[in-house]
Amino acid sequence: MFMWLHQYAKTEAAYSLCNRLIPWFAAISMGCLVTGTVWGLLFAPSDYQQGDAFRIIYIHVPAAMLSMSTYIAMAVAALVGLVWQWRTAFMAMIAIAPVGAAVTFIALFTGAAWGKPMWGAWWVWDARLTSELILLFLYCGVIALYCAFDDKQQAGKAAGVMALVGVVNVPVIHFSVQWWNTLHQGATITRLDKPAIATQMLWPLLINIVGMAAFIFTISCVRLKNEIIRREQRRPWVQQLVHSNEAKNEL
Amino acid sequence: MNFDSFAEFIAMGGYGLYVWLSFGVSFSVMLLLVIAGWYERKILDKEIRQEAYRQQRIQVARTQAAQRKDTV
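Residues numbered from 1 in each chain as written. Chains lettered and ligands numbered in written order. Predicted model: local features only at pLDDT ≥ 70, side-chain atom pairs only at ≥ 80, totals over all residues. Heavy atoms only, no water.

Q: I would appreciate a short explanation of the UniProt feature "domain: Cytochrome c assembly protein" (unreviewed entry) in chain A in the present structure.
A: This chain's UniProt record puts "domain: Cytochrome c assembly protein" (unreviewed entry) on residues 7–184 of chain A. For the annotated span residues 7–184 of chain A, helix accounts for 80% and strand for 0% of the residues, and the straight-line distance between the end C-alpha atoms is 44 Å. (UniProt positions renumbered as here; feature names shortened; annotations may be inferred. Helix = DSSP H or I, 4+ residues; strand = E, 2+ residues; numbered from the N terminus.)

The following block contains the structure:
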């Protein structure tokens, strides 16, 4: 079923796939983020309870949702690396990790800036906030563990196991608002129910989620390309590529 | 348009500080990711090229040394 995927275990194939995908996803990301943000900030109506502070939702919810999806993506890459012994999968894992950490930071920071006017505190040790903070630490742990090894294949395996173990935190974050008494409000959009938000407010949110996802994908591809170049720098195709880049720059 | 004037837009109904802080920091972090990715590649290319030239110089020096040995 996944046989078509195996060709991308070769770093050269993965590199050229990234090259082909980046312009498309970068365009989607730019288009959606600009549209969604302008729409959300300027045109969406104010909330009847939270006034204009609710507009933080347009960056907070995409970041928070995608920080979890990004973790799952990283864990899948780790699993592929461990099961099929792909070097490229570990490269993808470590390319994704800092992007995920940045997105988690955005979710936490915008959450704090939203919590201050609404709850009266930048931070509370609430189940949702704490589990999201643990997610940030998991990302940092994966990066730190990977950097601690000189042999990058070993590093990939160790960090990969850590990434997989950390997956247990994702459902904890997701269900934290139901399992515990919490200050954090429940889900705004769920797959099963009607969204708990007016349509004029919902559209910019959905657009920004798509834009943020495309952004994360684009940056991950860029970072994967860099990782491939770093690890394969002795290969003839990389040497050729780097020197042809130089020739292009001189023109 | 939900706001009547530009000043109202900036004020965000009194929540201006929090809204603009959130969006400012978020987009700064995202911009930083873009720049870091681009810069990392630039440095990598430079290092790889320098290493290639170094290897080339070592090769040249070796052949020259071998030639000198032959003539002596």
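Q: Explanation requested: the packing of aromatic side chains in the structure shown.
A: Remark: the centre distance and the inter-plane angle together describe each pair of aromatic rings, the angle taken between the planes. Residues and elements named next belong to chain A. Scanning the model with the defined rule gives 14 aromatic pairs over all chains in all. Seen from their ring centres, Phe105 and Phe109 are 5.9 Å apart, and the 35° between their planes marks the pair as tilted. With Phe105 and Phe109 both in helix H3 (residues 87–119) and four residues apart, this pair spans about one turn of that helix. Judged by its relative accessible area of 36%, Phe105 is partly exposed. When its relative accessible area of 24% is taken as the criterion, Phe109 is described as partly exposed. Judged by centre distance (6.0 Å) and plane angle (75°), the ring pair of Trp179 and Trp180 falls under edge-to-face. (Phe/Tyr/Trp six-rings, centres within 6.5 Å; stacked < 30°, edge-to-face > 60°. Buried < 20%, exposed > 50% of the residue type's maximum accessible area, 1.4 Å probe, protein only.)

Q: Explain the interface of chain A and chain B to me, please; I cannot follow it from the model alone.
A: Interface size, as often reported, equals the accessible area lost upon joining of the parts. Each partner contributes residues to the interface: chain A has 46 residues there, and chain B has 30 residues. Across the interface of chain A and chain B, roughly 3,500 Å² is buried in total on both sides, 71% from carbon and sulfur atoms. Looking only at chain A, the three residues that lose the most surface to chain B are Leu41(A), Leu42(A) and Asn226(A), adding up to 16% of its buried area. Our count for the contact surface shared by chain A and chain B stands at one salt bridge. In this structure, the salt-bridge partner of Arg230(A) is Glu40(B), at a minimum N-O distance of 2.5 Å. The interface formed by chain A and chain B holds five residue pairs in polar contact (both at pLDDT 80 or more) in total. Of all the elements, H3(A) adds the most residues to the side of chain A that touches chain B, at ten residues. Residue composition of the side of chain A that touches chain B, by class: 28 nonpolar, ten polar and eight charged. (Contact = heavy atoms within 4.5 Å. Buried area = accessible area lost by both parts, 1.4 Å probe. Salt bridge = Lys/Arg side-chain N within 4 Å of Asp/Glu carboxyl O. Polar contact = N/O pair within 3.5 Å; in protein donor to acceptor, adjacent residues only side chain to side chain. Nonpolar A, V, L, I, M, F, W, Y, C, P; charged D, E, K, R; others polar.)

Q: Hey, could you run me through the layout of surface pockets in this one?
A: Empty space among the atoms can be located by rolling a probe the size of a water molecule over them. Residue and element names in this part refer to chain A. Counted as a void, the second largest pocket has a volume near 700 Å³. Forming the boundary of the second largest pocket are 26 residues, of which Ala77, Ala92, Ile96, Phe217 and Leu224 lie nearest the centre. Elements represented by at least two residues in the lining of the second largest pocket include exactly helix H1 (11–43), helix H2 (57–84), H3 and helix H7 (199–231). Among the elements that make up the lining of the second largest pocket, the one with the highest residue count is H2 (seven residues). When the residues that make up the lining of the second largest pocket are grouped by side-chain class, the tally is 22 nonpolar, four polar and no charged. (1 Å grid on protein atoms, 1.4 Å probe; cavity = no way out; pocket = protein on both sides within 12 Å on 5 of 7 lines; lining within 4 Å. Points joined across faces, edges and corners; volume = space filled by probe spheres on them.)

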